[in-house]
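Tertiary structure, described
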Amino acid sequence: AGERKGYTYEALVYLALQRLKEQGKLEGEIFWNQTPATMTITPDFTVGPKVDAPELFVLVAHSGSARNSEMKFWRNLGELCEAKTLLSKTPRVYTIVFDAVIKEGLKKLQFAAFDGQLLVENRDYGRELIKWVSTSTELEKVVARDKRAIAAAIEEIVSRDCTLASLLKRLADDIAELLQGR
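So, a few notes on the structure that sits alongside this text. Treat the numbers as computed from the prediction; the structure is a model and nothing was measured.

Applying the stated rule across the entire model yields eleven salt bridges. Between Arg-19 and Glu-155 there is a salt bridge, with the nearest N and O atoms lying 2.7 Å from each other. Residue Arg-19 is found in helix 1 (residues 2-22), and its partner Glu-155 is found in helix 5 (residues 147-158); the two are separated by 136 residues along the sequence. Take Arg-19: its relative accessible area is 18%, and that puts it in the buried class.

Time to look at the packing of helix 5 against helix 6 (residues 162-180). Remark: helix 5 packs on helix 6, axes separated minimally by 8 Å, with the N-to-C direction vectors making an angle of 120 degrees. Considering their axes alone, helix 5 and helix 6 lie oblique with respect to each other. Along its contact with helix 5, which presents Ile-154, Ile-157 and Val-158, the element helix 6 presents Leu-164, Ala-165 and Leu-168. A class-by-class count of the residues in the contact of helix 5 with helix 6 yields six nonpolar, no polar and no charged.

Turning to the pairing of strand 2 (residues 45-48), a few remarks are in order. Both faces of strand 2 are covered, namely the face carrying Phe-45 and Val-47 and the face carrying Thr-46 and Gly-48. Note that strand 1 (residues 29-32) and strand 2 share four bridges and pair antiparallel. From the neighbouring strand, Glu-29 faces strand 2, where its bridge partner is Gly-48.

At 2.7 Å, the side chain of Arg-19 and the side chain of Glu-155 are in polar contact. Apart from the residues within four sequence positions on either side, Arg-19 is in contact with Glu-155, Val-158 and Leu-168.

We now examine helix 5. Between its first and last C-alpha, helix 5 extends 16 Å over twelve residues, near the 16 Å set by a 1.5 Å rise per residue. Among the residues of helix 5, those classed as buried are Lys-147, Ile-150, Ala-151, Ala-153, Ile-154, Ile-157 and Val-158. Down the axis, helix 5 shows its buried residues gathered within 160 degrees of arc, on one side only.

Cut-offs and rules
- Residues numbered from 1 in each chain as written.
- Predicted model: local features only at pLDDT ≥ 70, side-chain atom pairs only at ≥ 80, totals over all residues.
- Heavy atoms only, no water.
- Salt bridge = Lys/Arg side-chain N within 4 Å of Asp/Glu carboxyl O.
- Helix = DSSP H or I, 4+ residues; strand = E, 2+ residues; numbered from the N terminus.
- Buried < 20%, exposed > 50% of the residue type's maximum accessible area, 1.4 Å probe, protein only.
- Axes fitted to C-alpha atoms, helices over the stretch in contact; angles between N-to-C directions.
- Parallel < 35°, antiparallel > 145°, perpendicular 65-115°, else oblique.
- Contact = heavy atoms within 4.5 Å.
- Nonpolar A, V, L, I, M, F, W, Y, C, P; charged D, E, K, R; others polar.
- Pairing = 2+ DSSP bridges.
- Polar contact = N/O pair within 3.5 Å; in protein donor to acceptor, adjacent residues only side chain to side chain.
- Expected span 1.5 Å × (residues − 1).
- Arc of directions from axis to C-beta.

Keep in mind these values describe shape, not function.
What follows is the structure in structure tokens.
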């Protein structure tokens, strides 16, 4: 269930990034789970002219327990270090956290280390979006490991569900604001 949730959160972020690109608020190609040649860790999303020249990274996380948040934190920190030191051009690196059961100290460290951090759970729409992900029965038929299929299913649901469309728009708006910061 946790893995499926994570894939669904990634699909929501992908759709939000796509919307920003369509609106002209995001330039470059969006690469989902593609590793730049000089890196060892596969990032959730990179954006840039090509996969080996990303201008920004977007890391997506969720945690239902403080212990699991520590493991994800160290993975994200490793990814941050690789992104900032192994690429020919230093990209901006952002983290988007959904179910944010994270130790306060780690939240503060992430805020200081990354170019920006969005805690979706702290937004009024975020709680609704997280609840939708946890309770949606429409995604059960989608293959759990096929993230693009999950994104396509969500896109289809958004086309007929005004409430979900509004939640996705608000997520995209917050991501646009996040990407402006450093």
